[in-house]
Amino acid sequence: QVQLVESGGGLVQAGGSLRLSCAASGRTFSLYAMGWFRQAPGKEREFVAAINWSGGSTKYADPVKGRFTISRDNAKKMVYLQMNPLKPEDTAVYYCAADYGMRNPSDRLNEYDAWGQGTQVTVSS
């Protein structure tokens with residue numbers, strides 16, 4: 001099992017950047033695919049990006065392709081989401097998630113087994 005804690009959110013102007021971090025516990029972190037999702041007020045949680053166990057395969061939602069980059073450091077048990085340039089429509093609570101199934105990066109919310117508490121990202125225009 002793994003516990004996840006996100007950090008790095010905040011308030012930023014449009015065109016700016018943020019790097020979100022997700023700290024994981026658990027001995028088998030390096031076996032899990034990891035993902036980032038987000039949820040804006042009044043909207044459903046949606047996929048943002050995912051990465052396989054080794055970091056060799058990634059997947060992105062169309063709205064963030066070319067702007068966001070997901071990465072991981074298995075030695076540190078960390079997953080990152082570099083975001084730039086940010087847009088007002090990126091405003092949401094961002095969640096880190098772990099997929100115990102050792103699958104390829106997935107955009108399916110129900111394939112993730114563990115979730116963090118989320119970190120707020122607010123982008124002003």
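To be clear, the structure that these remarks concern was listed above.
Let us look at the overall build of the protein. Helix and strand content of the protein: zero helices and eleven strands. Along the protein, helices and strands appear, N-terminal first, in the series β-β-β-β-β-β-β-β-β-β-β. Here the C-alpha atoms of the protein give a radius of gyration of 13 Å, agreeing with the 14 Å that 2.2 N^0.38 yields for 125 residues. With the C-alpha coordinates aligned to their principal axes, the bounding extent of the protein is approximately 40 × 25 × 25 Å. Within the protein, the proportion of its 125 residues that are buried is 44%. In the protein, the proportion of contacts linking residues at least 24 apart, taken out of those at least 6 apart, comes to 58%.

With that settled, the discussion passes to the packing of aromatic side chains. Per the stated rule, a full pass over the model turns up five aromatic pairs. Taken together, the ring pairs connect F37, F47, Y112 and W115 into an aromatic cluster. Lying across the ring of F29, R72 places its NZ or CZ 4.6 Å from the centre.

The rules behind these values
- Sequence order sets the numbering: in each chain, residues are counted from 1 along the sequence as written.
- Only residues with pLDDT of at least 70 are given local features in this predicted model, and only at 80 or more are side-chain atom pairs given and counted; all residues enter the totals for whole chains, interfaces and linings.
- The basis for every side-chain value is the complete set of heavy atoms in the structure, and neither hydrogens nor water enter the calculation.
- The way it works is that DSSP assigns letters per residue, a run of H or I at least four long becomes a helix, a run of E at least two long becomes a strand, and they are numbered from the N terminus.
- Computation of the radius of gyration draws on C-alpha atoms alone. For the globule rule, the value is 2.2 Å times the number of residues to the power 0.38.
- Think of it in three bands: residues with accessible area under 20% of the maximum for their type are buried, residues over 50% are exposed, and the middle band is partly exposed, with areas taken using a 1.4 Å probe on protein chains only.
- In what follows, a contact means two residues having at least one pair of non-hydrogen atoms within 4.5 Å.
- Note on aromatic pairs: the rings of Phe, Tyr and Trp (six-membered ring only in Trp) are paired at centre separations within 6.5 Å, and the planes decide the class, stacked below 30 degrees, edge-to-face beyond 60, tilted for the rest.
- Remark: a charge is flagged as sitting over a ring if the NZ atom of Lys or the CZ atom of Arg is within 6 Å of the ring centre and within 35 degrees of the ring normal.

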